[in-house]
Amino acid sequence: MATLSNTDTRGCEVSKSRDLRIGLLFASPWIIGFCVFLLYPVVASLRYSFTSYSVLNPPRYIGLANYQELAGDSVFWGTMKNTLLYLIGAVPLMTVVAIGLALLLNTKVKGMAFYRAMFFMPSLVPMVAQGTLFLWIFNGDYGVLNTPFRKLGLTPPNWLGDPTWTKWTLVLIAIWGCGQAMILYLAGLQDVPASLYEASELDGAGLWQKTKNVTLPMLSPVILFNVIMGIIGAIQLFAVPYVMFPDGQPARSTYFVTSYLYDNAFNYQRMGYASAIAWVMFVVTLILTLFAIRFSDRHVHYGSN
Amino acid sequence: MTTKLGLSLLAVGAVVVAAAVYGDMAVSRQGESGKVTVVYWEKWTGAEGEAMQRAVNDFNASQNRIFVQYLSISDIDKKTLLAAAGSNPPDVAGIWQDQVAQFADAKALTDLTDLAAQNNVKASDYIPSFYDGLVYHDRLWALPSTPSVICLYVRADLVPKEYATQETFPKTIEAFDDLMFKISTKNSNGTLKMAGFLPASPGWYPWAWGPLFGGKLFVGDKLTINSPENLKAFEWTALFPKNLGAQTIASFQSGFGAFATPQDPFLDGKTACEINGVWKAGYINGAHKTFPWFVVPFPYPKDHPELANHAFINEDVLVIPRGTKHPKEAFEFVKFIQRQDVMERLCAAQGKNTALAKVSENFFKTHQNREIRYLDHMARSSNVIPAPQIGIFPQIRNEISVAAQEINTDQKSAKQALDDAQNRLEGQWQLYRTQILGDAK
Amino acid sequence: MTGNKVWKTISTHMVLVILTLIFIMPALWMLSTALKPAQETMTNPPHWIPSKIMWGNFREAIDYGRSEVGFTPFLVYLRNTVIITLLSVCGAVIANSLVAYSFARLKWPGRDFFFAVTLATMMVPFPVLMVPTFGLFKSLEWIGTFKPLWVPMFFGNAFSIFLLRQFFKSLPGELSEAAKIDGCSEFGIFTDIILPLSKPALVVVALFTFMGAWNDFLGPMIYLVDQKTFTLSLGLQNYQTQHGGTPWNLLMAATLLVILPVLIVFIFAQRVFIQGIATSGFK
């Protein structure tokens, strides 16, 4: 550095500011988008969370009242519990199913495009249609899902009416729609170098060992990514229960945080309170994500870089 | 290469922008030239929507100054509030009577008191129960479109002959319960085959159980969700899971088809009685069901004969949101709907009651619900119950509905469920008064 | 050895077929219902094969509700959805590739920090943004128009930026340097060299954006008011009447019509699609 002449330094600075200009120019859509559609709403919702705001009238500052109310709001904690239970059920199961399917769909047989499309298709079905479709597939008498149970002489669970079951019904629906995660895993599998499998085979590894020692470690960054997306998605669960279980029935067993937030914002005109709920959601998401990342530090294998 | 890519991107962009502009243009409010366009939002689709559209067409043909544009909107209540907040509300909106207080509190409605007086629309034109619920804090906020009486529907073929008429059907709750449990039948494997009556089927109005037992949801400024009368009502609903088994009922109900399909439990013969509205007849006829049926008021507790002739009402109403550009023209349309012939045609087509005190013989004769005369009579009974007028009715309805589900699934005792609801609602009510009402001042 | 291989192929197919059947059972039920006469949609016990194949259901599903609203809802919703989706896809592809290029191939102070912040934004739940964003669009008088649904797409989103950045990074740096020596501007390098090489990744971003916009429910529900502006995913609700009665066969026929185009696109594009994600990687 010391050997650089003055002109060189100046030239470097010129190109540096030019770099910054061009860099910012290219990034400008996102810088604007970030400020307008993320930073502003995030800050504003934090501000609203300290106000009483009924949509039709301007917000009024009320200090920590919303958060104090939230702390003692049994319905809110109920929705939080429902959401976390759903998350604990849906995220691991979706991960296992999606990886399993991806492994299967990564084999080389004829007609694979068709099979892949079939497993991917459910994630294309609009939420409203998913809700109404399953409302009916799970119906006690007319539901097609109960026929096999009856044929085997079993009593099918009361999918839609039993408060202990309803959340698992939603988990099943989520698993049905795991196509997007599956595609990401499938793509991740393409990245695993064949040489690793060959080496493993030379060591006499079986299918299970190959999966455990080669595939899963190589797939681990994708798993982490999907798990984080799964956590975020689970916390924001809304449309399917909104269609299938009005008011979170039965007995609020399907009342989730986002539904409660929506009701407060748009049914009860309590935008301030809704913002406080949103912030608690954010913090919970953040904690869970950090937990997932921390946990993964020991297990995620990143490639050479 | 650059030019090719750039050009194709530009072309796609241009097409898309053009399409977007066209799309937004095509949906902008087109009226007829020289006329004032009144935008009217309604919740109805299907046959009910068609009936309303005909009334709108009649209005448009009846004069040449105003053009009413009918739009059916889902989640009409939320959308109307949001549109009002976005300062672009419709000129007329069709909401429900039980929301009038909430909307009025939020300062989202035009006060119709003076407009009504100027236009000679009087309380005496209406059946009191259908008018009183539209007056809140001594001001008029809405006028009826299609009102309904809700009472007990009974399938005559599923109750013993000696009870199978309007006159001989049990009059008291106690006798009603005996009969209902007696006629409920089970399959050999213990599952229900037919239930006389289930409070949760369809269970649309759990807030009404208390009032049907003489209870009030609030008195003055005090909420009374867990008053002795309300508690009695919910202890009564708890009898059904207690006697038939909460699990048994739950799995029985899981097989019910949706309302308005032939698999509806009442149409399907799975329940013998249910609480439903005047419109039910239309669905019975529509499904080509030929079973005999009749309506009765809700039975009264033996020790409260003064509660005889109990039924409650549900009313679709027209409001003029605050901040509309043409409140006068909007009211002209609302007033048109109040004309006897117009309202009767509309209500008959939707299978509803009429809100007007004067009724033509033709309305009774041609109505799809052959019990309409009796239902009209019930609407005029002094014991008919309108939905309570309180700004936090959405929360009250929600809490009571949850309490009813908890009782029905045997998760809580009636007392526990109502106490919880009362506690929670007291907090909500306090907040509502300090926050929503405070902000609106 | 060959016998073993044949056996392996057959067993793989068998497993695939069985799993596919389980997985698409709900969708098959959808199809079966879409082809049934109305009175057969609900039977106890349910049966799979319609007594008569009703192709006319698709026509009826499209026409559903026309008589009362004075337009053909399905087609109007389809137009709206296509407009919103196309605009969203264009916006996402243009904006995200520009931004990702900046993060991947340009050096500027603060870049890596801002990229980390960008990644962190993926964790902000939509409901957090819902209330203020609604207020923002309200003050812009955008409520009831399509703008709240597509304009933000022209400003990028973290997921797509991330995906494209990974892809751009995998392209050799010599490409840009050679072009620079030839006197190419940075924008020229971007459009002439990098973009043409990035088709698979762009396809991925386009498809994910497409699916997101096509299926979005909460956004249209909050921002759209007038029935004429509804999207398909919102409009499907209209097949349920106020009291919950549903012409099941028509709803299912309409749903199939909604997903069919996307499914066909996927069948043909899946190889490029998966390749696109694979080369981007998650590293």
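Rules and cut-offs
- Residues numbered from 1 in each chain as written.
- Chains lettered and ligands numbered in written order.
- Predicted model: local features only at pLDDT ≥ 70, side-chain atom pairs only at ≥ 80, totals over all residues.
- Helix = DSSP H or I, 4+ residues; strand = E, 2+ residues; numbered from the N terminus.
- Rg over C-alpha atoms; globule rule 2.2 N^0.38 Å.
- Buried ≥ 20, exposed ≤ 12 C-beta atoms within 10 Å, placed from the backbone.
- Contact = placed C-beta atoms within 7 Å.
- pLDDT = per-residue confidence, 0-100.
- Nonpolar A, V, L, I, M, F, W, Y, C, P; charged D, E, K, R; others polar.
- Core = buried A, V, L, I, M, F, W, Y, C linked by C-beta atoms within 7 Å.
- Pairing = 2+ DSSP bridges.
- Axes fitted to C-alpha atoms, helices over the stretch in contact; angles between N-to-C directions.
- Left-handed = near helix turned anticlockwise from the far one by under 90°.
- Parallel < 35°, antiparallel > 145°, perpendicular 65-115°, else oblique.

What follows covers the overall build of chain B. Within chain B, the secondary structure is distributed over 17 helices and 14 strands. Taken over C-alpha atoms, the radius of gyration comes to 24 Å for chain B, in line with the 22 Å a tight globule of 441 residues would show. Each principal axis of the C-alpha distribution contributes one length, and for chain B these read about 80 × 65 × 50 Å. Within chain B, the fraction of its 441 residues that count as buried is 53%.

What follows concerns the overall build of chain C. Regarding its fold elements, chain C presents 14 helices and zero strands. Seen in sequence order, chain C has helices and strands lined up from the N terminus as α-α-α-α-α-α-α-α-α-α-α-α-α-α. Computed over C-alpha atoms, the radius of gyration of chain C comes to 24 Å, more than 25% over the 19 Å expected from 2.2 N^0.38 for 283 residues, which places it beyond the range of a compact globule. For chain C, the spread of C-alpha atoms along the principal axes amounts to about 70 × 70 × 30 Å. Residues classed as buried in chain C amount to 51% of the 283 residues present. In chain C, of all internal contacts separated by at least 6 residues, the share reaching a separation of at least 24 is 74%.

This part covers the confidence of the model for chain B. Here chain B shows a mean pLDDT of 89. Residues at 70 or above account for 92%. In the model, residues 22-30 of chain B has pLDDT below 50 throughout and makes 12 contacts with residues more than four positions away in sequence or in other chains.

A few words now on the interface of chain A and chain C. Contacts between chain A and chain C engage 78 residues on the former and 72 residues on the latter. Listing elements by their share of the side of chain A that touches chain C, those giving two or more residues are helix H1 (6-48), helix H4 (112-120), helix H5 (127-137), helix H8 (179-190), helix H10 (207-235), helix H12 (257-267) and helix H13 (271-297) of chain A. Looking at which element gives the most residues to the side of chain A that touches chain C, the answer is H1(A), with 19 residues. Taken together, the residues that form the side of chain A that touches chain C break down as 58 nonpolar, 16 polar and four charged.

For the rest of this paragraph, the subject is H12(A). Counting buried positions along H12(A) gives 10 out of 11 residues, so the element sits mostly inside the fold. On its buried face, H12(A) sits against helix H3 (74-105), H10, helix H11 (239-244) and H13 of chain A, helix H3 (76-85) of chain B together with helix H6 (126-139) of chain C. Backbone geometry just after H12(A) places Gln269(A) at a positive phi near 55 degrees.

Moving on, we come to the nonpolar core. Core analysis: the biggest nonpolar cluster contains 317 residues, and Met182(A), Tyr185(A), Ile277(A), Val319(B) and Val205(C) have the highest contact counts within it. Considering every element that reaches this core, the biggest residue donor is helix H4 (residues 73-105) of chain C, with 17 residues. With residues near it in sequence (within four places) discarded, Tyr185(A) still touches Ala98(A), Ile99(A), Ala102(A), Leu219(A) and Val222(A).

Next up on the list: the interface of chain A and chain B. Frequently, the measure chosen for interface size is the accessible area removed from exposure when the parts meet. On the chain B side, the residues contacting the 24 residues of chain A number 27 residues. Taken together, the residues of the side of chain A that touches chain B break down into nine nonpolar, 10 polar and five charged.

This next bit is on the confidence of the model for chain C. Residues and elements named next belong to chain C. For chain C, per-residue confidence averages 84 on the pLDDT scale, and 94% of positions sit at 70 or higher. Here helix H3 (residues 66-69) stands out as the element of chain C with the lowest mean pLDDT, 66, in contrast to helix H7 (residues 147-150), whose mean of 93 is the highest. At the level of chain-chain contacts, confidence expressed as ipTM amounts to 0.84, with global pTM at 0.87.

Okay, the pairing of strand E11 (residues 271-277) of chain B next. Residues and elements named next belong to chain B. Taking burial as the measure, the seven residues of E11 include seven buried ones, the bulk of the element. Two elements, strand E6 (residues 143-155) and E11, share five bridges in a ladder whose sense is antiparallel. The residue bridging Leu152 from the neighbouring strand is Ile275, located in E11. Inspection of the sheet shows strand E8 (residues 192-197) paired to E11 by two bridges, in the parallel sense. Its bridge partner lying in E11, Phe197 is registered against Cys273.

All names here are of chain A. One way to put it is that H3 packs onto H10 with a least axis distance of 10 Å and a crossing angle of 145 degrees. Here the hand of the crossing between H3 and H10 comes out right-handed. Where H3 approaches H10, its residues Thr83, Tyr86, Leu87, Ala90, Val91, Met94, Thr95 and Leu103 are matched on the opposing element by Thr211, Ile223, Asn226, Val227, Gly230, Ile231, Ala234 and Ile235. In terms of residue class, the contact of H3 with H10 is built from 11 nonpolar, five polar and no charged.

Close contact between H13(A) and H6(C) brings their axes to 8 Å; oriented N to C, the two are set at 150 degrees. One element, H13(A), and the other, H6(C), form an angle in the roughly antiparallel class. When you trace H13(A) past H6(C), the crossing you get is left-handed. Residues Met271(A), Ala274(A), Ser275(A), Ala278(A), Trp279(A), Met281(A) and Phe282(A) of H13(A) form the contact with H6(C), whose own contacting residues are Pro127(C), Val128(C) and Val131(C).

Below, the discussion takes up the environment of Phe266(B). Residue and element names in this part refer to chain B. For Phe266, the position within the fold is in the loop between helix H10 (246-253) and E11. As a C-alpha pair, Phe266 and His288 span 22 residues in sequence and 13 Å in three-dimensional space. Residues contacting Phe266, with those up to four places away along its chain left out, are Tyr153, Arg155, Thr271 and Glu274.

All right, on to the environment of Ala65(A) then. Turning to its location among the elements, Ala65(A) is positioned in helix H2 (residues 65-71). Ala65(A) sits 187 residues away from Arg252(A) along the chain, and the two C-alpha atoms are 25 Å apart.

Quick look at the environment of Val82(C) now. Residues and elements named next belong to chain C. Along the chain, the position of Val82 falls in helix H4. When the 18 C-beta atoms within 10 Å are taken as the criterion, Val82 is described as partly exposed. C-alpha separation for the pair Val82 and Phe210, spaced 128 residues apart in sequence, amounts to 9.5 Å.

Let us now look at unusual backbone geometry. Note the cis peptide between Gln249(A) and Pro250(A), where omega equals -10 degrees. Structurally, the position occupied by Pro250(A) is in the loop between H11 and H12. With an omega of -5 degrees, the peptide bond running from Ser201(B) to Pro202(B) counts as cis. Along the chain, Pro202(B) falls in the loop between E8 and helix H8 (209-212). At Glu141(C), a position not held by glycine, the phi torsion is positive, near 60 degrees. Along the chain, Glu141(C) falls in the loop between H6 and H7. For Glu141(C), a count of 12 C-beta atoms within 10 Å corresponds to the exposed category.

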